[in-house]
Amino acid sequence: MQILTTKAQLFAFQRTGSVGLVPTMGALHGGHASLVRRAREENDTVVVSVFVNPLQFDKLGDCEDYREYPRNLDADAAFLESLGVDAVFAPSPEEMYPNGQAIWVRTGRMGEGLEGVTRPGHFDGVATVVTKLFNLVRPDRAYFGQKDAQQVAIIRRMVADLDLPIDIVAVPIVRAADGLAESSRNQRLSPDERPQALQLSQALFALRDGATLDKARAMIDRLDYLVVVDPLTLNAVEPDQRPALALCAAWVGPVRLIDNLELS
Ligand code: AMP
C-alpha cells in the first residue's frame, strides 16, 4: 500500500483497471471499513483519502471541532493496509488549498436544511472537496456512508447536475452492538456520556416501531432535530408516509452526533 501526501505523488501512482475512491476524514472505524470492503469487492484499484477538510468546518476550520477532530494517520494506514487498500491519499491543508479556495461548489437549498441549519456552508465545503478529490483521483466509483444521509443525497445530486462521470455507491450504516452508529466523534465521548449517545438510535428505533414523533423526540435530552423526510429529496413528509427516512441530530457532552433510519 502506498501513502501519498502530494498531488504529484497521486498523479504518478500507477492504477490498473477500475478505480474506487473512499473519501474519509480518518479516525477510521468499522463504518469506514464497510465502505472500503465494498470498494475492494467492486474495483481493481482502491484509493482511500484521509483529509480533515477545513472548508467544511465552522470558520473554515478555525473552531474547536476542527482542532479537536481525532487524527492518527499511522493507525489509519495500518487499518487500511489490512483491508487491502492500494493507496492512501493524505494531503495537508496547504497541499489541498495552496491558494485558499476562491471558487466553490454551491449546494443551495439542499445544503441549507437539517445539518446546514447549524452548520452553514458545511455542504458547500463537502461538495467542493469531493469535487477536488474526484478530479485528483478520477475514480469510476465513489463510496459514501448512509450514516451521512444528507451528504449522500447532495453528492448524488451534484454528480447528476454537474455531469460527473462517477457512480455513487451508498453503504448502509454500521452500528455498535448497542445500536450506536459508529462515528469518529464517538471517541470524544466519556464513558459516562456514551449511554446518553444511545438516545439517538433508541429514539429512531422507537419511531420505526410505532412511537409518535413527539414521543421519540422526548427520548433525546439535547435534541437538535428529529424529522421524517422523503429519502430522495430530504423534504419533510407526514410522519406516517412510507418509504421515509427519519433523521436526527443531538448534542452529547462536547459532541454533536447524527443518526438516521429508514422507515419502511
Ligand atoms: P468521515 O470520516 O466521518 O467523513 O466519514 C467518511 C465516510 O464514512 C462517509 O461517507 C461517512 O458517511 C462514512 N461513515 C461514517 N460512519 C459510518 C457508519 N457508521 N456507517 C457507514 N458509513 C459511515
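Residues numbered from 1 in each chain as written. Predicted model: local features only at pLDDT ≥ 70, side-chain atom pairs only at ≥ 80, totals over all residues. Heavy atoms only, no water.

As recorded in an unreviewed UniProt entry, the protein chain goes by Pantothenate synthetase and comes from Corynebacterium phoceense. Taken verbatim from the UniProt record of the protein chain, the Pathway (unreviewed entry) comment is "Cofactor biosynthesis; (R)-pantothenate biosynthesis; (R)-pantothenate from (R)-pantoate and beta-alanine: step 1/1." The UniProt entry for the protein chain carries this comment under Sequence similarities (unreviewed entry): "Belongs to the pantothenate synthetase family." (UniProt positions renumbered as here; feature names shortened; annotations may be inferred.)

Undergrad: Hey, could you run me through the packing of helix α7 (residues 122–137) against helix α8 (residues 149–161) in this one?
TA: How two helices sit against one another is set out by the angle between their axes and by the gap between those axes. Closest axis-to-axis distance for the α7/α8 pair is 11 Å, and the angle between their directions is 55 degrees. It follows from the interaxial angle that α7 and α8 lie oblique. In this structure, α7 meets α8 at a crossing whose hand is right-handed. Residue-level inspection shows F123, V126, A127, V130, T131 and F134 of α7 in contact with α8, the latter providing Q150, Q151, I154, I155, M158 and V159. (Axes fitted to C-alpha atoms, helices over the stretch in contact; angles between N-to-C directions. Helix = DSSP H or I, 4+ residues; strand = E, 2+ residues; numbered from the N terminus. Parallel < 35°, antiparallel > 145°, perpendicular 65-115°, else oblique. Left-handed = near helix turned anticlockwise from the far one by under 90°. Contact = heavy atoms within 4.5 Å.)

Undergrad: Which parts of the structure should I look at to understand empty space enclosed by the protein?
TA: Over the atoms rolls a probe the size of a water molecule, and its path tells where empty space is left. The final tally for this structure, using the stated rule, is two cavities of 30 Å³ or more. Considering only enclosed or pocket space, the largest cavity measures out at about 70 Å³ in volume. Lining the largest cavity are K147, G179, L180, A181, S183, N186, A197, L200, S201, L257, I258 and D259. Contributing elements (two or more residues each) for the lining of the largest cavity: α9 (194–208) and β9 (255–263). A class-by-class count of the residues in the lining of the largest cavity yields six nonpolar, four polar and two charged. Its volume calculated, the second largest cavity comes out at about 40 Å³. Forming the walls of the second largest cavity are L10, F13, R15, V47, L136 and V137. Here the lining of the second largest cavity is composed, by residue class, of five nonpolar, no polar and one charged. (1 Å grid on protein atoms, 1.4 Å probe; cavity = no way out; pocket = protein on both sides within 12 Å on 5 of 7 lines; lining within 4 Å. Points joined across faces, edges and corners; volume = space filled by probe spheres on them. Nonpolar A, V, L, I, M, F, W, Y, C, P; charged D, E, K, R; others polar.)

Undergrad: I tried to follow the nonpolar core on my own but got confused; where do I start?
TA: One recurring pattern in soluble globular proteins is that nonpolar side chains are buried together. Of all hydrophobic cores here, the largest spans 30 residues; its most connected members are F134 and I155. Looking at this core, the element that brings in the most residues is α7, giving eight residues. Look past the residues within four positions of I155 in its chain and what remains in contact with it is V126, V130, F134, F144 and I168. Ranked by size, the runner-up nonpolar core spans 23 residues in total, among them L200, L226, L257 and L263. (Core = buried A, V, L, I, M, F, W, Y, C linked by side-chain atoms within 4.5 Å. Buried < 20%, exposed > 50% of the residue type's maximum accessible area, 1.4 Å probe, protein only.)

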